Every structure is written in structure tokens, then in C-alpha cells.
Amino acid sequence: MAKALHEQAAEYIRSRILTGEYAVGSQIPTENELCALLGVSRPTLRQALDTLAREGWLQRLKGKGTFVTEPKVTHESTRFITGYRAESEKNHRTLRTRVLEIGVERAPEAVARALHLPAGAKVTRLVRLRHLEGYRSNAPVVYTTLYVPCALFPEMAELDFTDLSFYEVLADRGLEVRHASRQLEVVPPPAEVAAQLEISPFEPTIFITSTGRTAAGQWIEYTESYYPAGSSRFLIEVDR
């Protein structure tokens, strides 16, 4: 079945953005020019432009025209359990990771409570900053801090997680995360997090806490992640 005219028009404009013909920040041709070029009516073209604006490709400014923007990154961690690297590969993006810290420490009270550990239990703390190659001039897309009980993964601090997938490493050790509980809220980031994310401390972030369990019911990971709200959106699916 042939695509509707507005879908064809949206596909044409989207393809020009992806190839760089319509560069980010530039103004696309006027509605009259696009109607003549594509052979469509103005209502059909406006339907296509509305679609692209909802997807994040375009911004329509009254009295000025329509400009190319860069879509927010859609994160699917609210939909299923997966590593950020696997999610990026699924969306044809190249993930780059910088390990800021890794080491063993006594679990802070909130971490011990989340992981159901006794007070003072040792955990491995891993702090990472991640960006997607070529996206928004390689600006970071997430700052994440991960805690794992040392008793379950004693050699974790010896590994280099620059290129390793944490979830894959766990699975290789028989500690695959099979259930996760996550909470989302919008918060101003701590100053040190804002600096790492290269945003203003007054810019909101989406703060997600996640606790994961193995199939045997062992609490294996607790994570705190900050996503810049201006470049992030999350996919949530609910079935009845």
C-alpha cells in the first residue's frame, strides 16, 4: 500500500535532514516552495511538518519560518531491561563511555537500604559519563553512578568498563538482572553532575533510580542516573 502524501512529504524532508542538506539550525524552504517541490497541498504539507515537529526534527517559529532541530534521544530503559550500549546499537548509534571513578567503599545508608545490605557492607561504586558519537557535538547524554555488592562480584573494581557492558558482564557470571524497579523524577542536578553533563545547574534533569534483582532474587545493582531534560525523552508502554 502506497504511503499517504503527508507521510511521503515528511519522509522527504526527514531524509534531507539526515543527509545534512537541511542542516541543524538552518531554515528549511518555505511552505510555498515545498508545496511546489513536492506537488502537495498546503494542508498536506502542514500535516507533514506537524509530524516532524512532534518527532523533534523541526521547530516552527511564528513569523520566522521552520527550522531544523536535533531530536531528543529516546531512552527505552523504562520499557525493558537492557544495557545502554545495547540500546544505542539497536538505534544505530555509537556509544562512548568515560569511567570517572571505580572503587570499593562502604555502602551509604540509602544504597544499603536499596540493596538490602547490612549497615557498613562493602559495595563497588562505578561512575560513568556517556555520550553518543556525533550527537549534539558529543555532549554527554547521561551521568550514572552504579553500586554492586562486593560479596556478589568481588573482582568488579579490577575491570575496565570503558568498553564493557555491565549487564553482559553480570550475565557472564550468572548474575543476569531479571527484574528492575525504576523511579523517575525531574530535579536540578548537583553542581558536579551539571559540570560533567556540560549544562547549567539550573537546567532540569531526569533523575532515575533503578534497583535490579537476579532470577534467584538477589539484589545485584542500584543505579542513580541523570539525563539532561533538554535532550532526553523516555518510551513507556503499558498493556492491559
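Located above this text is the structure these notes cover.
Each chain carries its own residue numbering, running from 1 in the direction its sequence is written. Local features are withheld for residues below a pLDDT of 70 in this predicted model, meaning they are given only at 70 or higher, and side-chain atom pairs are given and counted only at 80 or more; totals for whole chains, interfaces and linings count all residues. Side-chain figures throughout are based on the complete set of non-hydrogen atoms in the structure, without hydrogens or water.

> Describe the overall build of the protein chain, and please don't skip the residues or the numbers.
A run of DSSP states H or I qualifies as a helix once it reaches four residues; a run of E qualifies as a strand once it reaches two. Both are numbered from the N-terminal end. When helices and strands are tallied, the protein chain shows 7 helices and 10 strands. All accessible-area figures derive from a Shrake-Rupley calculation using a 1.4 Å probe, and residue coverage is judged against the displayed protein chains alone. Accessible surface, the protein chain as shown: approximately 13300 Å² in total, 49% of it carbon and sulfur. We score Asp and Glu as negative and Lys and Arg as positive, and we do not count His or the chain ends. We put the charge of a Lys on NZ, of an Arg on CZ, of an Asp on CG and of a Glu on CD. Seen as two clouds, the 29 positive and the 30 negative side-chain charges of the protein chain have centres 5 Å apart.

> Any chance you could break down the nonpolar core for me, citing the residues and the numbers?
Core analysis: the largest hydrophobic core is formed by 17 residues, its most contacted members being Ile13, Ile17, Tyr22, Ile28, Leu45 and Leu58. For this core, the elements supplying multiple residues, two or more each, are helix H1 (5-19), helix H2 (31-38) and helix H3 (42-55). Per element, the largest residue contribution to this core is 5 residues, and it comes from H1. Here, two residues are considered to be in contact whenever any of their heavy atoms come within 4.5 Å of each other. When near neighbours in sequence (up to four residues on either side) are disregarded, Ile17 contacts Tyr22, Trp57, Leu58 and Val68. Among the nonpolar cores identified, the runner-up in size contains 13 residues, and Leu126, Met156, Leu170 and Ile220 belong to it. To qualify as a nonpolar core, a set must consist of buried Ala, Val, Leu, Ile, Met, Phe, Trp, Tyr and Cys residues joined through side-chain atoms within 4.5 Å. The buried label goes to any residue with under 20% of its type's maximum accessible area, the exposed label to any with over 50%, and the partly exposed label to all in between, with areas taken from a 1.4 Å probe on protein chains only.

> Requested: an account of the pattern of salt bridges, with residues and values cited.
A pair is scored as a salt bridge if a Lys or Arg side-chain nitrogen falls within 4 Å of a carboxyl oxygen belonging to Asp or Glu. Scanning the model with the defined rule gives 10 salt bridges in all. One salt bridge connects Glu11 with Lys3, and the closest N-O pair in it is separated by 2.4 Å. Taking the relative accessible area as the measure of exposure, Glu11 reaches 39% and is therefore partly exposed. The class for Lys3 is partly exposed, based on a relative accessible area of 45%. In this structure, the salt-bridge partner of Glu21 is Arg16, at a minimum N-O distance of 3.3 Å. On the accessibility criterion, Glu21 (53% relative accessible area) is exposed. In this structure Arg16 comes out as partly exposed when scored by relative accessible area, which is 23%. Connected through salt bridges with shared partners, the residues Glu31, Arg42, Arg46, Asp50 and Arg60 form a single ionic network.

> Describe H2, naming the residues involved and giving the relevant values.
Every buried residue of H2 is listed here: Glu31, Leu34 and Cys35. Here the buried residues of H2 occupy an arc of 100 degrees about the axis, which is enough to place them on one side. In this structure, H2 carries Asn32, Ala36 and Leu37 as exposed residues pointing more than 90 degrees from its buried face. Next to the buried residues of H2 lie H1, H3 and strand S1 (58-61). Looking one or two residues past H2, Gly39 carries a phi angle of roughly 70 degrees, positive in sign. What the arc measures is the spread of directions leading from the helix axis to the C-beta atoms.

> Explain the side chain of Ser210 to me, and be specific about the residues and the numbers.
Secondary-structure assignment places Ser210 in strand S8 (residues 205-214). Residue classification places Ser210 among the buried positions, given a relative accessible area of 5%. Setting aside residues no more than four positions away along its own chain, Ser210 makes contact with Ala180, Ser181, Arg182, Glu221, Tyr222 and Thr223.

> Help me get a handle on the packing of aromatic side chains, residues and values and all.
Geometry of aromatic contacts follows a simple scheme: Phe, Tyr and Trp rings, the Trp one being its six-membered ring, pair when their centres are within 6.5 Å, and the pair is stacked under 30 degrees between planes, edge-to-face over 60, tilted otherwise. Applying the stated rule across the entire model yields 4 aromatic pairs. Aromatic pair Phe166 and Tyr167: ring centres 5.8 Å apart, planes at 40 degrees, arrangement tilted. Its relative accessible area of 6% is what places Phe166 among the buried residues. Members of the aromatic cluster, each reached through a chain of ring pairs, are Phe161, Phe166 and Tyr167. Positioned above the aromatic ring of Trp219, the side-chain terminus of Arg213 is 4.8 Å from the ring centre. For a lysine, the NZ atom is tested; for an arginine, the CZ atom; a charge sits over a ring if that atom is within 6 Å of the ring centre and within 35 degrees of the ring normal.

> Tell me what's going on with the sheet that holds S8, and back it up with residues and numbers.
Whether two strands pair depends on DSSP finding at least two bridges between them. Within the open sheet, the 6 strands sit side by side as S4-S5-S6-S9-S8-S7. Their pairing is antiparallel. In this open sheet, the two strands that pair with only one neighbour each are strand S4 (95-106) and strand S7 (177-187). Neighbour to neighbour, the strand axes of the sheet diverge by 15 degrees on average, direction disregarded. As defined by bridge partners, strand S5 (residues 122-132) adjoins strand S6 (residues 140-149) across 9 bridges and the pair is classed as antiparallel. Bridge pairing links Arg125 to Tyr147 in S6. Each axis is a line fitted through C-alpha atoms, taken for helices only over the stretch in contact, and angles between the N-to-C directions span 0 to 180 degrees.

> Can you explain the pairing of S5? Please cite residues and give values.
Within S5, 9 of the 11 residues are buried, which leaves it mostly tucked inside the rest of the structure. Pairing of S4 with S5, which is carried by 11 bridges, proceeds in the antiparallel orientation. Along S5, the bridge assignment pairs Gly103 with Arg125.

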